[in-house]
Amino acid sequence: MLRHFFTLIWNKRRTHALLIIEIWASFLVLFGVLTFLISNFRNYREPIGFSYENVWVLELNNNEDTTNIGDKVQAIMQRIRSYPEVESASRMSSNTPFSMSNMNNGITYNNVHTMAEFYRSDEALAQTLDLKLVAGRWFGPQDRAAQYTPLVINRKFQEKLFPNENPIGKVIKQDDKHAWKVIGMVDHFKGKGEFTGNTPAVFESLMNTDWDKNILIKTRPGTDANFEARLVKDVLGVGQGWGAEVTYLTESRKNQHNLTLVPVIVFVIISTFLLINVGLGLFGILNLNIARRKSEIGLRRAMGATEKTVSMQFLGEIWVLATFSLLLGLLFAVQFPLLNVFDMDANIYVLAIMAAVGVIYLLVTLCAWYPSRQASLVQPAVALHEE
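To start, this report covers the structure provided alongside it. (Residues numbered from 1 in each chain as written. Predicted model: local features only at pLDDT ≥ 70, side-chain atom pairs only at ≥ 80, totals over all residues. Heavy atoms only, no water.)

## What to know about the overall build of the chain
- Counting its regular elements, the chain contains 12 helices and 11 strands.
- For the chain, the residues scored as buried account for 45% of the 387 residues in total.
- The contacts of the chain with a sequence gap of at least 6 include a subset with a gap of at least 24, amounting to 79%.
- When the accessible surface of the chain is summed, it comes to about 20400 Å², and 58% of that surface belongs to carbon and sulfur atoms. (Helix = DSSP H or I, 4+ residues; strand = E, 2+ residues; numbered from the N terminus. Buried < 20%, exposed > 50% of the residue type's maximum accessible area, 1.4 Å probe, protein only. Contact = heavy atoms within 4.5 Å. Areas by Shrake-Rupley, 256 points an atom, 1.4 Å probe, with all protein chains shown as cover.)

## Notes on the nonpolar core
- Core analysis: the largest hydrophobic core is formed by 29 residues, its most contacted members being Ile23, Phe27, Leu282 and Ile360.
- At the level of elements, helix 2 (17-45), helix 7 (249-292), helix 9 (307-333) and helix 11 (346-376) are the ones that each hand at least two residues to this core.
- It is helix 11 that contributes the most residues to this core, 11 residues altogether.
- Once you skip the residues sitting within four places of it in the chain, Leu282 turns out to touch Leu19, Ile23, Ile318, Val364 and Cys367. (Core = buried A, V, L, I, M, F, W, Y, C linked by side-chain atoms within 4.5 Å.)

## Some thoughts on the side chain of Thr219
- By the element assignment, Thr219 lies in strand 10 (residues 214-219).
- Not counting residues within four places of it along the chain, the set of residues in contact with Thr219 comprises Asn54, Trp56, Glu85, Val86, Glu87 and Phe227.

## Brief notes about the pattern of salt bridges
- The full count for this structure, using the stated rule, is 15 salt bridges.
- For Arg42, the salt bridge identified is with Asp345, shortest N-O distance 3.6 Å. Linking Arg42 in helix 2 with Asp345 in the loop between helix 10 (335-339) and helix 11, this pair joins segments that are 303 residues apart in sequence.
- Here the salt bridges share partners, and the residues they tie into one network are Glu87, Asp130, Lys218 and Arg220. (Salt bridge = Lys/Arg side-chain N within 4 Å of Asp/Glu carboxyl O.)

## Some remarks on the packing of aromatic side chains
- Evaluated as defined, the whole model comprises 20 aromatic pairs.
- Members of the aromatic cluster, connected to one another through ring pairs, are Phe50, Tyr52, Phe98, Tyr119, Trp138, Phe139, Phe189 and Phe203. (Phe/Tyr/Trp six-rings, centres within 6.5 Å; stacked < 30°, edge-to-face > 60°.)

## Side note on a nonpolar patch on the surface
- There is a patch of nonpolar side chains on the surface, built from Leu261, Ile265, Ile269, Phe273, Ile276 and Leu280 and spanning about 590 Å² of accessible area.
- Examined against the element boundaries, Leu280 turns out to sit in helix 7.
- Residue Leu280 is classed as exposed on the basis of its relative accessible area of 58%. (Patch = residues over 30% accessible without salt bridge, like charges linked within 9 Å, V, L, I, M, F, W, Y side chains within 5 Å.)

## A closer look at the environment of Phe203
- In this fold, Phe203 is placed in strand 9 (residues 201-205).
- Along the backbone, Phe203 and Val186 are 17 residues apart, and their C-alpha atoms lie at a distance of 9.9 Å.
- Contacts of Phe203, omitting those with residues within four sequence positions, involve Tyr119, Ser121, Leu125, Leu131, Trp138, Phe139, Pro150, Leu151, Val152, Val186 and Phe189.

## Here's the deal with the environment of Tyr44
- With respect to the element layout, Tyr44 can be found in helix 2.
- Take Tyr44: its relative accessible area is 40%, and that puts it in the partly exposed class.
- Spatially, the C-alpha atoms of Tyr44 and Gly197 are 8.5 Å apart, while their sequence positions differ by 153 residues.
- Those residues in contact with Tyr44 that lie beyond four places of it in its chain are Lys190, Glu194, Phe195, Arg253 and His257.

## What about the packing of helix 3 (residues 69-81) against helix 6 (residues 225-238)?
- Close contact between helix 3 and helix 6 brings their axes to 9 Å; oriented N to C, the two are set at 150°. One way to sum up the angle between helix 3 and helix 6 is to call them roughly antiparallel. Seen from above, helix 3 lies across helix 6 with right-handed handedness. Residues Lys72, Ala75, Ile76, Arg79 and Ile80 of helix 3 form the contact with helix 6, whose participating residues are Leu231, Asp234, Val235 and Val238.
- Taken together, the residues of the contact of helix 3 with helix 6 break down into 6 nonpolar, no polar and 3 charged. (Axes fitted to C-alpha atoms, helices over the stretch in contact; angles between N-to-C directions. Parallel < 35°, antiparallel > 145°, perpendicular 65-115°, else oblique. Left-handed = near helix turned anticlockwise from the far one by under 90°. Nonpolar A, V, L, I, M, F, W, Y, C, P; charged D, E, K, R; others polar.)

## What about the environment of Ile21?
- Structurally, Ile21 can be placed in helix 2.
- Between the C-alpha atoms of Ile21 and Ser325, which are 304 residues apart in sequence, the distance is 6.9 Å.

## Let's talk about unusual backbone geometry
- Phi at Asn111 takes a positive value of approximately 65°, unusual for a residue other than glycine.
- Summarising the element assignment, Asn111 is placed in the loop between strand 3 (104-109) and strand 4 (112-121).
- You can call Asn111 exposed: its relative accessible area is 80%.
- Of note, Asp130 is a non-glycine position whose phi angle comes to about 55°, a positive value.
- Within the secondary structure, Asp130 sits in the loop between helix 4 (125-128) and strand 5 (133-136).

Listed below in structure tokens is the structure:
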């Protein structure tokens with residue numbers, strides 16, 4: 001019976017070409033959307049690695065002022081830490097959590113290369129963001145005169161550059177001017193939000209640079225906008241002619257989520273409309289086939305075919321048609337895990353392929369069930385009489 005179905009569909013391949021292309025395109029769109037959804041869902045389930053509640057970002061702009069920038073920033077830091085509403089404050093590079101700024105650099109160790117997001121910060125960042133160390137320690141006063149720039153890494157960085165070995169104490173030399181010593185390690189750190197992957201990240205000691213003027217401020221619960229206004233006023237009093245802007249990490253997190261979820265919603269809507277169109281096409285074609293093949297159905301019923309047999313014939317034909325389309329789609333889809341496209345885990349692609357195949361088979365079954373049921377109810381006498 002199965003061989004008969006394949007032969008029947010193959011002989012009518014030109015007639016079914018458009019339908020095969022529609023199912024093939026639907027599978028590829030589903031595969032892409034499901035890959036995106038599964039990847040984001042798996043990322044969301046991983047811990048973000050830091051606390052963002054009650055944390056503000058004060059972004060300073062010295063404008064045209066170029067004198068004693070470092071001293072003024074230190075004076076502003078001392079003023080901020082003196083407020084009773086502030087639990088801790090930390091200077092950081094421009095790529096603060098949930099920001100659009102990135103600082104990606106390549107690092108090589110023992111001929112192993114990886115890209116990592118660099119965060120420059122001071123000794124208070126671990127307290128400000130509640131970073132949990134799983135090995136070693138954070139920066140301290142003892143590191144200010146160290147031979148190598150102290151470095152705290154995340155576990156993903158350790159897996160890339162130091163697999164199966166303790167990274168604490170390792171010295172990484174890029175060139176004569178850049179050398180770091182790993183002094184600590186955190187578990188997860190996803191600076192761009194829950195929907196991003198846990199990629200390699202390193203925290204480099206700030207070492208009093210003048211250009212890093214972003215300040216993370218962890219406020220006590222209940223701190224309101226009145227303190228924000230007073231804070232900005234006092235900061236601008238220290239830095240004459242400077243600019244200051246306060247943002248909340250909770251709001252920045254929402255913005256990052258919107259940037260991720262809006263494309264997902266758009267893709268889901270597009271794929272839904274595509275599947276509806278394919279479903280309507282399948283339904284119409286099967287109804288037309290029943291009208292054209294009434295004599296065949298009547299003859300089969302007259303020869304003893306049961307309602308179930310006739311119904312399974314039409315379901316079998318549409319399943320074979322879907323299989324032809326899916327085989328073509330799989331030729332494209334399997335290239336993604338084989339070639340490691342977009343540097344995603346191969347399991348994500350496999351799950352997306354399996355889910356897309358399941359949805360396509362479910363769709364064609366639902367679309368074919370009613371027409372096949374109608375075909376099974378054709379009475380042989382009526383069909384042959386009409387002929």
